[in-house]
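Report on the structure
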Amino acid sequence: PPHRRTLSLSAADPQAPARGAALLAEGRLVAFPTETVYGLGADAANPRAVADLYAAKGRPAFNPLIAHTATVAQALDIGAFPPEARRLADAFWPGPLTLVVPFAGGDAVCELARAGLSTVALRVPSHPVAQAVLKAFGGAVVAPSANRSGRVSPTEAAHVGADLSGRIDAILDGGPTEVGVESTIVDATGPVPRLLRPGGVPREALERVLGHTLADAGKDDAARPASPGRLASHYAPRAAVRLDADAMAPGEALLTFAGARPRGAEAARAVIDLSPSGDLAEAASRLYGALRALDATGAPAIAVAPLPRHGLGEAIADRLARAAAPRPAPEETPQ
Ligand code: TXA
Ligand code: MG
């Protein structure tokens, strides 16, 4: 894509959200913080802006985007919410939950943003800067994670700059994000909601509100395709990633949790403990920054000690499994 001058805006400036919103209204690409990760925003109703967004990320256009709105009422207008989707929306919005529901029609989210599907992914983020941008803009904003396709998602403005400077119009810096992994995605189009992507809202919390368990993506319903974006390799640092390490190999860096030390850890090139106290929320918030930092040591591989799988541990395990998956050739790199 052609070179763009990337403006730096600080959330400390009270005018910044309105400036970001004005750029979005002109069809420009603006990165802003959400409570999960930084998103790269474009006007969801503007196919030209959405096409530019796909190009800036290097993302295949068959992969649909999440439309973000300031209010629950706006989201309820864009989708046709079945009763269980409505209960999840009422319980978790604003917050780190994305609901896939039938598209209700209208021009708020263009066909390209939906990748031609009859469904739409919706989210009402809680982050004050995201809220301010969305309120000032007024309409729906599509926002994938603000990273180059296939790379680690950004949890700080500097991560966005490293990947996308010169390819987008502005970065609104609101400091590090709180949750640190992307939103949980639930497909609520069928009779039983399905978990498409574990994320910031733990499965257990969703199941408590529903009063029953969620179906898993791709397991029980071959007729309905799972989330098109769920390609295996994703969130990949440059270094290889080796899971469930109980011993270190020469030259490896170590990513660990709750003080666990695989054999030979004292010889590791670098060690990051995601949460020495064993707090999974802290670990999620530090995950992507830790992968970037260990990558920057130049270690050929990152060994990952075993982590718990409950609560936010499910999202952490999912992202690490994708980081460790065999990498596609660059032309077929996802998202
Ligand atoms: O936390 C988040 O969700 C962040 C922040 C910026 O909001 N956004 C994010 O977007 O992670 P992205 O584009 O990286 O991931 C969106 C995922 C993709 O896997 C895509 O395939 C899926 O949502 N998706 C979007 N629309 C869908 C639909 N109609 N049906 C199934 N999956 C859908
Ligand atoms: Mg992404």
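All figures in this text were calculated on a predicted structure; none of them were measured in a lab.

Below, the discussion takes up the sheet that holds strand 15 (residues 301-304). Taken in spatial order, the four strands make up an open sheet running 12-15-13-14, and their pairing is parallel. The open sheet has two edge strands with one neighbour each: strand 12 (240-242) and strand 14 (271-273). Pairwise comparison of adjacent strand axes, ignoring direction, gives a mean angle of 20° for this sheet.

Before going further, it helps to spend a moment on the environment of A113. Position of A113 relative to the elements: it lies in the loop between strand 5 (97-102) and strand 6 (119-123). When the 30 C-beta atoms within 10 Å are taken as the criterion, A113 is described as buried. For the pair A113 and N46, spaced 67 residues apart in sequence, the C-alpha to C-alpha distance is 8.9 Å. When residues no more than four places from it in sequence are discounted, the contact partners of A113 are A44, V50, P64, L65, A67 and V142.

So, on to the pairing of strand 2 (residues 30-33). Along any regular strand, the residues point their side chains to alternate faces of the sheet. Here strand 2 shows no split at all, with V30 and F32 on one side and A31 and P33 on the other all buried. By the bridge criterion, four bridges tie strand 2 to strand 3 (residues 38-43) in an arrangement that is antiparallel. Paired with P33 across the bridge in strand 3 is Y38. Once strand 2 ends, the chain turns through four residues before running back antiparallel as strand 3. Pairing of strand 2 with strand 8 (residues 170-173), which is carried by two bridges, proceeds in the parallel orientation. Bridge pairing in strand 8 places A31 opposite I171.

Attention now goes to the domain arrangement of the protein chain. For the protein chain, the assigned domains are domain 1 (7-216) and domain 2 (240-327). The distance between the C-alpha centroids of domain 1 and domain 2 comes to 27 Å. Across the side of domain 1 that touches domain 2, the residue classes tally to five nonpolar, five polar and four charged.

To continue, consider the nonpolar core. In terms of nonpolar packing, the biggest core is built from 73 residues, with A31, A67, L99, V142, L172 and V186 touching the most fellow members. Here V142 is in contact with A42, A44, V50, L53, L65, I66, A67 and A113, once residues within four sequence places are set aside. Counting 33 residues, the second-largest nonpolar core is a separate cluster that includes V179, L254, L291 and A299.

Moving on to the sheet that holds strand 4 (residues 66-68). Ordered in space as 1-8-2-3-7-4-6-5-9-10-11, the eleven strands form an open sheet in which the pairing is mixed. Strands with a single pairing partner mark the edges of an open sheet, and in this sheet they are strand 1 (7-10) and strand 11 (215-216). In this sheet, strand 10 (residues 194-197) lies alongside strand 9 (residues 184-187) in antiparallel orientation, the contact comprising three bridges. Across the sheet, D187 pairs through a bridge with R194, a residue of strand 10. Strands strand 5 and strand 9 of the sheet are contacted by helix 4 (residues 83-92), whose axis makes an angle of about 155° with strand 5.

Moving on, we get to the packing of helix 1 (residues 16-25) against helix 5 (residues 128-137). Across the interface, helix 1 lies against helix 5 with an axial gap of 8 Å and an inter-helix angle of 50°. Relative to helix 5, helix 1 is oriented oblique. Judged by the sense of rotation from one axis to the other, the crossing of helix 1 with helix 5 is right-handed. Contacts between helix 1 and helix 5 involve P17, A18, G20, A21, L24 and A25 from the first element and V129, A132, V133, A136 and F137 from the second. Along the lines of polarity and charge, the residues of the contact of helix 1 with helix 5 split into ten nonpolar, one polar and no charged.

Turning next to helix 1. Residues of helix 1 that are buried: A16, P17, G20, A21, L23 and L24. Relative to the axis of helix 1, the buried residues are bounded by an arc of 160° and lie together on one face. Tucked inside the fold, the buried residues of helix 1 contact strand 1, strand 2, strand 3, helix 5, strand 7 (141-142) and strand 8.

The next subject is unusual backbone geometry. Following W93, the chain continues into P94 via a peptide bond in cis, with omega recorded as -5°. Despite not being glycine, D244 has its phi angle at roughly 50°, a positive value. Tracing the chain through its elements places D244 in the loop between strand 12 and strand 13 (253-256). For D244, a count of 13 C-beta atoms within 10 Å translates into the label partly exposed. Even without being glycine, A258 reaches a positive phi, approximately 55°. If you trace the backbone, A258 turns up in the loop between strand 13 and strand 14. Judged by the 16 C-beta atoms lying within 10 Å of it, A258 is partly exposed.

About the cut-offs
- Residues numbered from 1 in each chain as written.
- Chains lettered and ligands numbered in written order.
- Predicted model: local features only at pLDDT ≥ 70, side-chain atom pairs only at ≥ 80, totals over all residues.
- Pairing = 2+ DSSP bridges.
- Helix = DSSP H or I, 4+ residues; strand = E, 2+ residues; numbered from the N terminus.
- Axes fitted to C-alpha atoms, helices over the stretch in contact; angles between N-to-C directions.
- Buried ≥ 20, exposed ≤ 12 C-beta atoms within 10 Å, placed from the backbone.
- Contact = placed C-beta atoms within 7 Å.
- Domains from an automatic or database assignment.
- Nonpolar A, V, L, I, M, F, W, Y, C, P; charged D, E, K, R; others polar.
- Core = buried A, V, L, I, M, F, W, Y, C linked by C-beta atoms within 7 Å.
- Parallel < 35°, antiparallel > 145°, perpendicular 65-115°, else oblique.
- Left-handed = near helix turned anticlockwise from the far one by under 90°.
- Arc of directions from axis to C-beta.

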